[in-house]
Every structure is written in C-alpha cells, then in structure tokens.
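# Examining the three-dimensional arrangement
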Amino acid sequence: MSASATFTAVTPLSSELRVKLENYRNLVLETGWDNTQNKMAVELDVFVGNTTIMDEEVYQLWLDGYTVNDAVKVRMEGGVMEECEASADVLLSDTMDQYRTFQMCERLLHSPSKLANQLLFQIPPNRQAMLIERYYAFDDAFVREVLGKKLSKGTKKDLDDIGAKTGVTLKSCRRQFDNFKRVFKVVEELKGPLVENIRHHFLLSDKLGRDYAAIVFFANHRFETGKRKLQYLTFQDFAFCAGQLISNWTVGAVDNMVEDMDVDLDKEFLQELKELKVLITDKDLLDQHKSLVCTALRGKTKAFNEMEANFKNLSRGLVNIAAKLTNTKDVRDFFIDLVEKFIEPCRSDRWTAADMRLYLTHYNNSAHILDTFKHQAVWDRYMVVIKSCIFKMYHD
C-alpha cells in the first residue's frame, strides 16, 4: 500500500484539534487499502484555519431561498468565475460547501447567543452580527401580508399564496414567519421593555429590534391591516404607529417592570378614555371647543371653511374611537377607524399634510382651555398617539 496524507496548518493547532487530525489521518490510511490487496495511492491535502470562510453574497442567496444550482447561476452571471479564475465545478463545489456551513449554523441562529459560545465555527464578532442581522431581516412586502395575523399553523398554510403574491420564495417565507413566531414566543411573557428584551435575546440592531417589537405587538392585538382602505399603508407606517402605542398606551408607559408591560394595552387607561365622550355629548362644550379651534385657524389655511363645517363630525369620530377601545374588536379596528372616520373625510376636502398638522395641533391644544373639561391628562395621553399616527398615515 502506498498512502500519504499531507496536513497544511496556517495557524497553531490546539491539542484537541491535533488529536482529531491524527485520528482522521489514521482513518485515511486504514481505508486506503482494500480486501483485494489492490494498491491504492491516497493524496490528502487538509487546509486548517481558525476563521470559517463565509461569502456574504452566497449567504444572502441561501437566505433568499435559492437552490444551489440557482445560486451558482447567479454567481456566474455576476462574473465571479472570471474574478476568481475558477471553473464551473469549483464554483459549484464552493457554493455547496457554503450552503452546508449555513445549514449547520442555522440551529445556532435560532438562539443567537449560542453563536458566540460555540466552538465548532470560528466566526469573528462582526461576522456573527452580520449573520444574525441578515437571518432575522425580512422583506417588507412579506411582513405587510402577515402583519396583525395570528402566528399560527393556519397562517403558515397561506405562505404559498403570500409567496406568489409578493415574489418571495416559499423557503424564505417560512424562515421569516418562523422567526416572527420564535421572537413572539420568547418575549411575550418576559418582564421589562419589549424592544430591549428582543435585542437582548436575539442580539439585533436597534432598528430591527423595534421592527420586531411592532410585529409582536400587532400579532398580540390582531390589528386589522388587510382591508382595502389600508393597503396604501406600508409596514414602516404601521411600525411607527406601533412604537407610539407601545410608548404611550401600554402598561409599560406607567410601570416599567410589570409582566407583558409593552405588549398589553393599559386597561385602566382604556376605561378612562370613556370620560372623553363629554366633549361631544355636552353641546355647550362641543360648541365652545369648535369656537376656540376655528378662531385659532381662521386666516391660516385655505381649507378653513371645510374645517369649520366638518368640525363636529371629525371630533365625534376621534372621541368615539377613544370611547370604544375597551372592546377587543374595536381595538383591532383602530387603524381602519382612523382612516374611515378622520383621514378619508379630510382627504375628500383636499386637506394638505400641513392643514392636517395645523388642525390637530389646535384641536388638541384648545381642549386645555375648556373650563369644564377635567380630563386633561387622559386627553393628552390619547391625543399624542392619535396625532402621531394620523400624521404618519396621511399620505397617498
């Protein structure tokens, strides 16, 4: 038998790794000789390094759900063969090897903190951060379709249709959906701020952590986002509004160490919102409020006549939304109610975004001047969210 094994080490090897390589060498020598006494020459070159090589482009192709063959085609079209002077076989082998590495890393990415503590892959911290951030990244078109839906098997069955509608591969849809579900399950029972909990457990950037907080919040309350009248709104529109709701209307807005603090709305506050109905049921108060607002607006906008004519209907719309938020169904319909009862009437009267800001600013501030209105704190807590959400949602 003629057999040889060549080991090339580019960094000092640990004693544990030396033992493993020696065992592997012996295995090669043992299997290089068969029972028919035929001589067989084995040349084995092993390249050992500390850092696991990962190509970011190939990683993205894997995340996007491309098969190995499709990924190879994309890489070839990108000119990698000419750039690296590699053959098609080498490119295929490299892509398959990278895919295997990503698949082995995937179970660690499900619990990102494990990635830093494992010994199988030597991955620098900045590379780990890239792997985690990209793994938990999502397509806005996809999340827009599942936002507010229950993260259950029933929704997962619809991923084929969602993928066809959005152009996102089924494999990528499943990864994104499973990520949403995983984050939801981990943080739903934790005490403390929602965004901080997500960032701590999944090592995400602040921006991505806030986006996941919005997804968790919407899934928990099952907000309606799929109606035709809401289709013009983007995920980022809803994510911004979720941030406002979390910061101002949840239990965590008044107590930062209660269970589900940033997930559940403050039920005591929702009950207090019913007190705002006096603004529309007390005729004198309604007339006084209108007079104060119109006096402040006169001469400042071309839409003044429409604002004056529609004041009572618009005020009723906003106050009635507040008064009904103790009902689960009305919480779910929060965004559709804002559109139907306030945004659409203003659009039909051709208000500009500046008109909207001017009106809501004076509408909010004038309530503080009303002599018999005694619910200023509740009013401010309600209107800070209403104003921010409407400003964000008032676009084409």
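Owing to the predicted nature of the structure, the values given are computational and were not obtained by experimental measurement. (Residues numbered from 1 in each chain as written. Predicted model: local features only at pLDDT ≥ 70, side-chain atom pairs only at ≥ 80, totals over all residues. Heavy atoms only, no water.)

## Focus on the environment of I198
Looking at where I198 falls in the secondary structure, it is placed in helix α12 (residues 194-202). On the basis of relative accessible area, I198 is assigned to the buried category, the value being 0%. Measuring from C-alpha to C-alpha, the distance between I198 and L208 comes to 9.3 Å, with 10 residues separating the pair along the chain. (Helix = DSSP H or I, 4+ residues; strand = E, 2+ residues; numbered from the N terminus. Buried < 20%, exposed > 50% of the residue type's maximum accessible area, 1.4 Å probe, protein only.)

## A look at helix α21 (residues 353-366)
Within an α-helix, residues lying three or four positions from one another point in the same direction, as the helix has 3.6 residues per turn. For α21, spanning 14 residues, the distance from its first C-alpha to its last is 20 Å, which sits close to the expected 20 Å at 1.5 Å a residue. Among the residues of α21, D355, M356, Y359, L360, H362, Y363, N364 and S366 are the ones counted as buried. (Expected span 1.5 Å × (residues − 1).)

## Observations regarding the packing of α21 against helix α22 (residues 376-393)
Where α21 contacts α22, the two axes come as close as 11 Å, and the packing angle between them is 175°. With respect to their mutual orientation, α21 and α22 come out roughly antiparallel. On the side of α21, the interface is formed by M356, R357, L360, Y363 and N364, while α22 contributes W379, D380, M383, K387, I390 and F391. Class assignment of the residues belonging to the contact of α21 with α22 gives a composition of seven nonpolar, one polar and three charged. (Axes fitted to C-alpha atoms, helices over the stretch in contact; angles between N-to-C directions. Parallel < 35°, antiparallel > 145°, perpendicular 65-115°, else oblique. Contact = heavy atoms within 4.5 Å. Nonpolar A, V, L, I, M, F, W, Y, C, P; charged D, E, K, R; others polar.)

## Points about the side chain of S315
In this structure, S315 sits in helix α18 (residues 304-323). Note on S315: relative accessible area 0%, which makes it buried.

## Observations regarding the pattern of salt bridges
In total, this model carries 18 salt bridges according to the counting rule given. Note that R134 is salt-bridged to E56, the shortest N-O span being 2.9 Å. Taken together, the positions of R134 in helix α7 (residues 125-136) and E56 in helix α2 (residues 56-63) put the pair 78 residues apart, joining distant regions of the chain. Note on E56: relative accessible area 30%, which makes it partly exposed. When the shortest N-O distance is used, the salt bridge between E308 and R298 registers 3.9 Å. Remark: R298 occurs in the loop between α17 (283-297) and α18 and E308 occurs in helix α18; sequence separation between them is 10 residues. One network of salt bridges, with partners in common, ties together D55, R75 and D94. (Salt bridge = Lys/Arg side-chain N within 4 Å of Asp/Glu carboxyl O.)

## Focus: the packing of aromatic side chains
Following the criterion strictly, the structure yields 29 aromatic pairs and no others. Note on F223 and F335: the rings are 5.4 Å apart at their centroids and 70° apart in plane angle, and the pair reads as edge-to-face. Linking F223 in the loop between α13 (206-221) and α14 (235-249) with F335 in helix α20 (residues 334-348), this pair joins segments that are 112 residues apart in sequence. Here F335 falls in the buried class, since its relative accessible area comes to 0%. The interplanar angle of 55° and the centroid separation of 5.0 Å between the aromatic rings of W351 and Y359 together place this pair among those described as tilted. Put simply, the rings of Y59, W62, F102, Y135, Y136, F138, F142, F180, F202, Y212 and F235 pair up and form one aromatic cluster. Over the ring of Y135 we find R175; its NZ or CZ atom is 5.8 Å from the centre of that ring. For the cation-ring pair, R357 lies above F391, with the distance from its terminal atom to the ring centre recorded as 4.3 Å. (Phe/Tyr/Trp six-rings, centres within 6.5 Å; stacked < 30°, edge-to-face > 60°. Lys NZ or Arg CZ within 6 Å of the ring centre and 35° of its normal.)

## What about the nonpolar core?
If you look at the biggest cluster of nonpolar residues, it comprises 110 residues, and the most contacted ones within it are W249, F334, F335, Y359 and Y382. When near neighbours in sequence (up to four residues on either side) are disregarded, W249 contacts Q244, L265, D266, F269, L325, F334, R381, Y382, V385 and I386. (Core = buried A, V, L, I, M, F, W, Y, C linked by side-chain atoms within 4.5 Å.)

## Some thoughts on unusual backbone geometry
Even without being a glycine, L203 presents a positive backbone phi close to 55°. Mapped onto the elements of the fold, L203 is located in the loop between α12 and α13. According to the relative accessible area criterion, L203 is partly exposed, its value standing at 41%. You will see that R222, though not glycine, has its phi angle at about 55°, which is positive. One can find R222 in the loop between α13 and α14.

## Some remarks on the side chain of R182
Locating R182 in the fold gives a position in helix α11 (residues 170-187). For the buried R182, which has no salt bridge, the nearest side chain bearing the opposite charge is D178, at an N-O separation of 5.4 Å. At a separation of 3.3 Å, a polar atom in the side chain of R182 contacts the side chain of H110. If near-sequence neighbours (up to four positions away) are discounted, R182 is found in contact with H110, Y135, Y136 and F202. (Lys, Arg positive; Asp, Glu negative; His and termini not counted. Polar contact = N/O pair within 3.5 Å; in protein donor to acceptor, adjacent residues only side chain to side chain.)

## Observations concerning the packing of α18 against α21
Look at α18 against α21: their axes get within 12 Å of each other, and the N-to-C directions meet at 65°. The angle between α18 and α21 falls in the class roughly perpendicular. Relative to α21, α18 is oriented so that their crossing is right-handed. Touching M307, F311, L314, S315, L318 and V319 of α18 are D355, Y359, L360 and Y363, all from α21. Class assignment of the residues belonging to the contact of α18 with α21 gives a composition of eight nonpolar, one polar and one charged. (Left-handed = near helix turned anticlockwise from the far one by under 90°.)

## As for the confidence of the model for the chain
Low pLDDT marks stretches whose predicted atomic positions should not be read closely. Taken residue by residue, the chain gives an average pLDDT of 88. The fraction at 70 or more is 85%. Contacts of residues 1-14 to residues separated by more than four positions or lying in other chains number 34 contacts, the stretch itself having pLDDT below 50. Residue range residues 33-38 is modelled with pLDDT below 50. Its contacts to residues more than four positions away, or to other chains, number three contacts. (pLDDT = per-residue confidence, 0-100.)

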